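# Observations on the three-dimensional arrangement
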Amino acid sequence: MIPEIEALASKTIERIAAAENPEALETVRVEVLGRKGSLADFGKLMGKLSAEDRVSAGKALNSAKTSLEAAYEIKKTAFESAALNERLQNEWLDLTIPPTGILPGSLHPLTQIQNEIESLFFSLGFAILDGPEVETEFYNFDALNIPPDHPARDMQDTFWLEGGHLLRTHTSPVQIRGMQRLGPPLRMIAPGRVFRNEEVDPSHEHTFYQLEGMMVDRDVSVANLLYFMKTLLSGIFKRDVTVRLRPGFFPFVEPGFELDIQCMVCGGSGCPVCKHSGWVELLPCGLTHPNVLRAGGIDPDQYGGFAFGLGLTRLVMMRYLIDDIRWLQSGDLRFLKQF
Ligand code: PHE
């Protein structure tokens, strides 16, 4: 039996050496060293040998087993370290590469301009008010002298909600809330988001920002209005801005005006932002209609007021020469990182 054991041992040593991968090695282990393998078969035959032969065959079997197990372990370790080396080759970090840097956050250009205008008006004694984006018909229309059958309701494409609510189409409802809260005399501004059900194009968004302003006092005139508008524009643009005043109709002001500024994107020669007219409507304004003062609980025989609705989004586009309104809400970091 001993020659057979030795023959098996040397053949198995060769097979272990020749194994090309861990699976092949495992097959050899199972076939030879396993519980039902060839070595175990020899073990079962031991009982049939004479006592003398059994001792020598047992020794041969043990030494074959020991050397095969050692060969198997060496080969297995070799496979494991090869696998580890391969991983180390493929998965590594170059700790000497300089860091890409942490992206610092920055204020959106709309927020920046809003902050500037707020501090300008704050220094002029104006309160800064906030109003709800979901409004009632009363605050958005009726109290602003826009009755249900008034054609001006069609001027604004409204997102209607359930129960007579709507997304405010302008910041003007905050005029009424401001009058109710502050009482006369008052100076207030109200920046905020407004919504219109409009086709989106380079100069129209369904969501944009306005900044409402209102002053109520005794003897408020167009001269007062113009003074504040000029202070506002020179504060924002920090240079001469060409403006023009046109009559404008808004049911909540009388007289009403449109203050246009010459388009700063194209310098007046015409571009998509100014719809090729050279002018941009920036600031509708006027003297507060008596009905509006009344709706705010103020006696129009005692007090007068002016109001304006600044298009904050337009203003940002003018200031930074942005030619498409859609950039502002795009969330695109390539755009935002410039500010
Ligand atoms: N609320 C008007 C609009 O959104 C703008 C406006 C405000 C006009 C105040 C006059 C006075 O179109």
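Just so it is clear, the structure is predicted and the values come from calculations on it, not from any experiment.

This next bit is on the site of the ligand. The full set close to the ligand counts 14 residues, and H170, S172, R196, Q210 and G309 are the nearest of them. In this structure, a nitrogen atom belonging to the ligand sits 2.9 Å away from a side-chain N or O atom of H170. Between the ligand and S172, the relevant distance is 2.8 Å, taken from a nitrogen atom to a side-chain nitrogen or oxygen of the residue. Protein chains bury 95% of the 330 Å² of accessible surface belonging to the ligand in isolation. Contributions of two or more residues to the shell around the ligand are made by β5 (207-217), β8 (279-288) and β9 (304-311). It is β9 that provides the largest number of residues to the shell around the ligand, a total of three residues. For the shell around the ligand, the class distribution of residues is seven nonpolar, five polar and two charged.

What follows covers the state of the cysteines. On inspection of all chains with the given rule, the structure shows zero disulfides. Free cysteine: C266, not disulfide-bonded; nearest cysteine sulfur from C263 at 3.6 Å.

So, on to the pairing of β8. Counting buried positions along β8 yields seven of ten residues, so the element is predominantly enclosed. For strand β7 (residues 253-262) and β8, the ladder comprises eight bridges, and the chain directions are antiparallel. Bridging across to β8, I261 finds its partner in V280. Taken together, the three bridges between β8 and β9 define a ladder with antiparallel strand orientation. Across the sheet, the residue bridging to C285 is F308, located in β9.

Our focus in this paragraph is the domain arrangement of the protein. Parsing the protein into structural domains produces domain 1 (2-90) and domain 2 (109-336). Each of domain 1 and domain 2 has a C-alpha centre, and the two are 89 Å apart.

Following the sequence through the fold, T171 ends up in the loop between β3 (165-167) and α7 (173-182). Residue classification places T171 among the buried residues on the basis of a relative accessible area of 0%. Polar side-chain contacts of T171 include one of 2.7 Å to the side chain of E212. When residues no more than four places from it in sequence are discounted, the contact partners of T171 are A190, P191, G192, V194, Q210, L211 and E212.

Now for unusual backbone geometry. Cis geometry marks the peptide bond from P184 to P185, where omega comes out at -10°. Looking at the element boundaries, P185 is found in the loop between α7 and β4 (186-195). Cis geometry marks the peptide bond from E254 to P255, where omega comes out at 0°. Its place among the elements puts P255 in strand β7. The phi dihedral of H276 falls on the positive side, at around 60°, and the residue is not glycine. Assignment of secondary structure puts H276 in the loop between β7 and β8. Of the residues examined, H276 reaches a relative accessible area of 59% and is grouped as exposed. Phi at L321 takes a positive value of approximately 55°, unusual for a residue other than glycine. Its relative accessible area of 46% is what places L321 among the partly exposed residues.

The rules behind each value
Position numbers for residues count from 1 along each chain, tracking the sequence in the order it is written. Predicted model: local features are reported for residues with pLDDT of at least 70 only, side-chain atom pairs are reported and counted for 80 or more only, and whole-chain, interface and lining totals are derived from all residues. As a convention, hydrogens and water are excluded, and side-chain values are obtained from all of the structure's heavy atoms. Working definition: residue near molecule or strand if any one of its non-hydrogen atoms lies within 4 Å of it. Throughout this description, a polar contact denotes any pair of N or O atoms lying within 3.5 Å of each other; where both atoms belong to protein, one of them has to be capable of donating a hydrogen while the other can accept it, and for residues adjacent in sequence the pair is counted only when both atoms sit in side chains. We get accessible surface area from the Shrake-Rupley algorithm with a probe of 1.4 Å; when it comes to residues, only the shown protein chains can shield them. Secondary structure follows DSSP: runs of H or I at least 4 residues long count as helices, runs of E at least 2 residues long count as strands, and numbering of each begins at the N terminus. Basically, the charged four are Asp, Glu, Lys and Arg, the nonpolar ten are Ala, Val, Leu, Ile, Met, Phe, Trp, Tyr, Cys and Pro, and anything else, Gly included, counts as polar. Any cysteine sulfur atom paired with another within 2.5 Å is treated as part of a disulfide. Here the term buried applies to any residue with accessible area under 20% of the maximum for its type, exposed to any over 50%, and partly exposed to those in between, with areas from a 1.4 Å probe on protein chains only. At least two bridges found by DSSP between two strands is the condition for calling them paired. Segment limits for the domains were obtained from an automatic or database-derived domain assignment. Throughout, a contact is declared for two residues whenever any of their heavy atoms are within 4.5 Å.

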